[in-house]
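# A closer look at the structure
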Amino acid sequence: MCPGDGQPDTYTLRLFPISAGLHRSVSAGSRNHGRYSRYGPSPGERRTMASKAQIQTVKADFLDPSLYDDAGLSGVPRLSRGTILAALSRAFDLAEGRRPGHAQRVAYIGVFLASELGLEAQRVEDVFFGCLLHDIGMAASSQPPKMDGSRGSRIISGRSGAADVLSQVPPGGWTQVVAAIAQHCDLGSKIVRKMGFGEPVARAVASHHDCWDGSGRPGAQPGDRAPIVARIVALSDRVESMIDAEGSPLLVRRRGPALVKEMGGSEIDPELAGKMAEIAERDDFWLGFYDNDLPAALMSLNYGGMMNRDELFDFLGVMSDVVDGRNGREQGRGRRVAELARRVALTCDMTERRADLVRVAALLQDVGTLGVPAHFLSKPDILSVDEMASVQLHPVYARDILSEIPGLGAAAWWVGCHHERIDGKGYPGMLEGAEVPAEAQIIGMSEAFDALTSDRPYRRAMSQADAVEVMRGLAGTRFDPYLLARFESVAYPFEA
Ligand SMILES: [Fe+2]
Ligand SMILES: [Fe+2]
Ligand SMILES: [Fe+2]
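Structural notes, computed from the coordinates. (Residues numbered from 1 in each chain as written. Chains lettered and ligands numbered in written order. Predicted model: local features only at pLDDT ≥ 70, side-chain atom pairs only at ≥ 80, totals over all residues. Heavy atoms only, no water.)

## As for the overall build of the chain
Each helix and strand counted, the chain has 25 helices and two strands in total. Sequence-distant contacts in the chain: of pairs separated by 6 or more residues, those separated by 24 or more amount to 73%. Surface accessibility of the chain: about 19900 Å² in total, with carbon and sulfur atoms responsible for 52%. (Helix = DSSP H or I, 4+ residues; strand = E, 2+ residues; numbered from the N terminus. Contact = heavy atoms within 4.5 Å. Areas by Shrake-Rupley, 256 points an atom, 1.4 Å probe, with all protein chains shown as cover.)

## Some remarks on the coordination of the iron ion (ligand 3)
The expected angle between donors at a tetrahedral four-coordinate metal is 109.5 degrees. At an octahedral six-coordinate metal it is 90 or 180 degrees. Only Asp 366 (OD), His 394 (NE2), His 418 (NE2) and His 419 (NE2) from the protein reach the iron ion (ligand 3) as donors, at distances of 2.2 Å. One can describe the donor arrangement at the iron ion (ligand 3) as irregular, given that its four donor atoms subtend angles of 81 to 172° at the metal. All donors of the iron ion (ligand 3) come from a single chain, and their spacing in sequence reads D-x27-H-x23-H-H. Remark: His 418 occurs in the loop between α22 (409-416) and α23 (438-452) and Asp 366 occurs in the loop between α18 (352-363) and α19 (374-377); sequence separation between them is 52 residues. We note that Asp 366, like His 418, is buried. (Donors = N, O, S within 2.8 Å, 3.2 Å for Na, K, Ca; no water. Tetrahedral: all angles 85-135°; square planar, octahedral: opposite > 155°, others 65-115°. Buried < 20%, exposed > 50% of the residue type's maximum accessible area, 1.4 Å probe, protein only.)

## Comments concerning the nonpolar core
Nonpolar side chains in soluble globular proteins generally cluster together in the buried interior. If you look at the biggest cluster of nonpolar residues, it comprises 121 residues, and the most contacted ones within it are Leu 85, Leu 133 and Met 195. In this structure, this core is formed jointly by two domains, domain 1 (81-300) and domain 2 (309-491), each of which donates at least three residues. Ignoring sequence-local partners within four residues, the contact set of Leu 133 consists of Leu 85, Phe 92, Val 192, Met 195, Phe 197 and Val 205. (Core = buried A, V, L, I, M, F, W, Y, C linked by side-chain atoms within 4.5 Å. Domains from an automatic or database assignment.)

## Quick look at the coordination of the iron ion (ligand 2)
Looking at the iron ion (ligand 2), the protein donor atoms are His 102 (NE2), His 134 (NE2) and Asp 237 (OD), and they sit 2.2 to 2.4 Å from it. Every donor residue of the iron ion (ligand 2) comes from the same chain, spaced as H-x31-H-x102-D. Taken as an interatomic distance, the gap from the iron ion (ligand 2) to the iron ion (ligand 1) is 5.3 Å. With His 102 in helix α4 (residues 102-116) and Asp 237 in helix α11 (residues 228-246), this pair connects stretches of sequence that are 135 residues apart. Residue class for His 102 comes out buried when judged on its relative accessible area of 1%. Note on Asp 237: relative accessible area 1%, which makes it buried.

## Re the packing of aromatic side chains
In the structure shown here, the tally under the stated rule is 13 aromatic pairs. On the basis of an interplanar angle of 85° and a centroid distance of 5.0 Å, the ring pair of Phe 289 and Tyr 290 is categorised as edge-to-face. With relative accessibility at 3%, the residue Phe 289 sits in the buried group. The class for Tyr 290 is partly exposed, based on a relative accessible area of 34%. Here the aromatic cluster, defined as three or more aromatic residues joined through ring pairs, consists of Tyr 108, Phe 112, Phe 285, Trp 286, Phe 289 and Tyr 290. (Phe/Tyr/Trp six-rings, centres within 6.5 Å; stacked < 30°, edge-to-face > 60°.)

## Looking at the pattern of salt bridges
Tallying each qualifying case throughout the model produces 32 salt bridges. Across the pair Glu 278 and Lys 275 runs a salt bridge whose closest N-O atoms are separated by 3.7 Å. A residue pair is termed a helical-turn pair when its members lie 3 or 4 positions apart in one helix, as Glu 278 and Lys 275 do in helix α13 (residues 270-279) at three residues. Note that Arg 399 is salt-bridged to Asp 400, the shortest N-O span being 3.2 Å. Take Arg 399: its relative accessible area is 3%, and that puts it in the buried class. Judged by its relative accessible area of 10%, Asp 400 is buried. Linked through salt bridges whose partners overlap, the residues forming this network are Asp 324, Arg 329, Glu 330, Arg 333, Arg 336, Asp 366, Glu 447 and Asp 450. (Salt bridge = Lys/Arg side-chain N within 4 Å of Asp/Glu carboxyl O.)

## Things to note about helix α21 (residues 394-402)
Burial of α21 is extensive: nine of the nine residues sit out of reach of the surface. Of all the positions in α21, only His 394, Pro 395, Val 396, Tyr 397, Ala 398, Arg 399, Asp 400, Ile 401 and Leu 402 are classed as buried.

## Thoughts on the packing of helix α17 (residues 333-347) against α23
Running from N to C, α17 and α23 cross one another at 135°; their axes reach a closest spacing of 9 Å. Here α23 runs oblique to α17, going by the angle between their axes. In the packing of α17 onto α23, the handedness of the crossing is right-handed. Facing α17, whose interface residues are Arg 333, Arg 336, Val 337, Leu 340, Ala 341, Val 344 and Ala 345, α23 presents Ile 442, Ser 446, Glu 447, Phe 449, Asp 450 and Ala 451. (Axes fitted to C-alpha atoms, helices over the stretch in contact; angles between N-to-C directions. Parallel < 35°, antiparallel > 145°, perpendicular 65-115°, else oblique. Left-handed = near helix turned anticlockwise from the far one by under 90°.)

Written out as structure tokens, the structure is:
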């Protein structure tokens, strides 16, 4: 179903300064790298109903097995925190309403600057993670700021002065903006600690809206009292926002150095701004910034070290908690679903390694919901057609994001199919029968069972016995009867 005969290509990537010693040979990973996510949807597209032609295109993509590795042979790959977060940061961009790749570009700027400053290796890594995670607090909130998501951070962190700022905020909205900033900074730093990162990263996330002059967030300290990692992360976020606002690469190449310098003193550390302005005069910086292989280059740094199996599941468990938080679901629900899916996979005679990969896919199945407006996800009422179309894109976002991670091509495929039905009435690809991978069905069943036995905004939790009855009614339409029978043997009764 998912043959993958391609070996990783190796090539030399030149993205970082020679002085930093960061030239490296990297593995491009699976050949589907970057296939989708560089063409990620704009916020506008997210609200557009999928046309029949679009659905057929999606289906054609789904049915092209050459895009996916066969993971059954190799199981869960050894991955670093840096690789996973570089990919998942695209989900944080969606949650923030930013152009895909925002956090990755912030990380590129931060690592470039930190390397040029000659910071020790550990501090450069801290900068990298601080940059990738700076807005994870936005992604984890089930009640994201009411302000314009794409403009909110720019209001505070952009080059606009106080007068401009106030004129952009609706009457009475200022308090809300300030509260939203404080809230996501605080939540973000808590998540980062939970992920196992140290104080420098947590502090950088907590203070990424702080300004050099001590403004930006209630309780902000003047920049000269902030650690270097936090100052670099704050600068990198602002510089990326400035570049994004300028639009044209040619224009920003010409005006960038002066604009960066202008930001020094009030918003950002003037010394760092001077150094960044020098960097912005260099072609190698801009070539790397606009390089289509930037995501692969960041992943290949393997910052944070390779994780063993237990570390990987712990780490992905925290990510799953973030998604649960966003969806207003009880913490630990995603972990429970993933464990159930793993056990069902084993009962279906899959190998331990394949079952582990099913667990990985299940943990990350709903990471695409970060791209769906939070109030659609928790709406205690029937969704409108447009709202439903938006929700139905979440498997596509997740598939695109996960397909960036080397060795997770098959998991991406399964996640993309976890709402498909064997009668062809699922989404987003409307696959039929055997086109729907067994692993995707197992994930879908585990999720459905857990949803039925949990309280929802519009109904009370069912008993396990009632949930099994409901699912039996879906045999032959939503689920394959054989797989469903195997599922029942594990799921009822189920103790996580
Ligand atoms: Fe932020
Ligand atoms: Fe940002
Ligand atoms: Fe889902």
